[in-house]
Amino acid sequence: MELRTLRYFVAVAEELHFGRAARRLHLSQPPLSRAIKQLENDLGTALLHRSPAGVALTDAGHLLLHEARALLDHAGRIRAKIARTTITVGVLGDHGAARVAAAFRRRRPDVEVRVRETDLTDPTCGLRTGQVDVALTRGPFDESGLRTRILRHDPVGAVLRADDPLASSRHLTTADLADRDWFRFPEGTDPVWRDYWNGGAPRGGPTVRAVQECVQSVLWNGSVGLAPLGHDLGDELVVVPLADLPPSPVLIAWREDDPLTRDFVEAATQAYALR
């Protein structure tokens, strides 16, 4: 069986009409009919019940349709894996990108990686708008329509100036900071993402888009922000653990489950597992 013949059969089986299948395949009907008849001869069984109104699948035809779809899908994935030579990765922050890059180079040295670094207004790094193939990012955010895999969880704390009265606390809660200005994300930002970094409540304060804007807002205005623990923000700032906020996941997100994207996901997973 040739893949071409299987494509012909799938078209006829889905259209249940030789004329419509021929138009779909951009063929004339006689060679299509001959190809299906030859396929039946090769298999030694009828695949279609033919009538003036169209065709119907036999039991063998139903079985072959299922298997042919799977074979053609697999062949398409192989073709895409061989043909595709670039992948665009969206990155929000560092998140161990150097480890992931090294792991992916070992797995797919033939692929060119294009990197798109994004600001804090889009945790998917352009995934929904088709600007990237895969995102190495942080949550939580609205994951509808996306595939995700969590790589690790990071506890989060409040970012304060070193001279802030609360800066020496061993830990805080969001209630301790309720009367303070917080930095906020612009209107239209993913609400799940926005609410998490606002400590789960509406806040008043300056609007920011980038990490450095957050840092400067705290330094200049004494605003409260949130950040994962362990980030070095300089001597002028401290990060005090928040006891009532769940950890923020570092994760990889993607939409299309093609072979090259899966290779990247597996490389990222391996890089974090070996950390």
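Just above sits the structure.
Residues numbered from 1 in each chain as written. Predicted model: local features only at pLDDT ≥ 70, side-chain atom pairs only at ≥ 80, totals over all residues. Heavy atoms only, no water.

### Topic: helix α5 (residues 97-107)
Restricting attention to buried positions, one finds in α5 the residues V100, A103 and F104. The arc that holds every buried residue of α5, seen down its axis, measures 95°, which confines them to one face. Pointing more than 90 degrees away from the buried face of α5 are the exposed residues A98, R105 and R106. Buried positions along α5 lie against β3 (86-91), β4 (112-117), β5 (134-138) and α8 (259-273). (Buried < 20%, exposed > 50% of the residue type's maximum accessible area, 1.4 Å probe, protein only. Helix = DSSP H or I, 4+ residues; strand = E, 2+ residues; numbered from the N terminus. Arc of directions from axis to C-beta. Contact = heavy atoms within 4.5 Å.)

### Structural notes on the pattern of salt bridges
Across all of its chains, the model carries 18 salt bridges by this definition. With a shortest N-O distance of 3.9 Å, D263 and R107 are connected by a salt bridge. With D263 in helix α8 and R107 in helix α5, this residue pair connects regions lying 156 residues apart in the sequence. Note that D263 is salt-bridged to R108, the shortest N-O span being 3.0 Å. One end of the pair, D263, is in helix α8; the other, R108, is in the loop between α5 and β4, and 155 residues separate them in sequence. For the pair shown, D263 and R108 are each scored as buried. One continuous salt-bridge network, built from bridges that share partners, spans E14, E15, R20, R24 and R69. (Salt bridge = Lys/Arg side-chain N within 4 Å of Asp/Glu carboxyl O.)

### Concerning the pairing of strand β10 (residues 248-254)
With respect to burial, β10 is a largely interior element, seven of its seven residues being buried. Every second residue of β10 is oriented toward a common face, with S248, V250, I252 and W254 on one face and P249, L251 and A253 on the other, all of them buried. Sheet topology note: the strand β6 (residues 147-154)/β10 ladder contains seven bridges and is antiparallel. When the sheet's bridge partners are listed, R152 is paired in β10 with V250. (Pairing = 2+ DSSP bridges.)

### Considerations on the sheet that holds strand β8 (residues 225-228)
Pairing is antiparallel in the open sheet, where three strands are placed in the order β8-β7-β9. Strands with a single pairing partner mark the edges of an open sheet, and in this sheet they are β8 and β9 (237-241). In this sheet, neighbouring strand axes are inclined to one another by 45° on average, regardless of whether the strands run parallel or antiparallel. Bridge count for strand β7 (residues 156-161) against β9 is five bridges, and the pairing is antiparallel. Bridging from a neighbouring strand, L160 pairs with V238 of β9. Across the face of the sheet, helix α7 (residues 211-221) comes into contact with β7, β8 and β9 while running at roughly 45° to β7. (Axes fitted to C-alpha atoms, helices over the stretch in contact; angles between N-to-C directions.)

The values are spatial; any link to function lies outside them.
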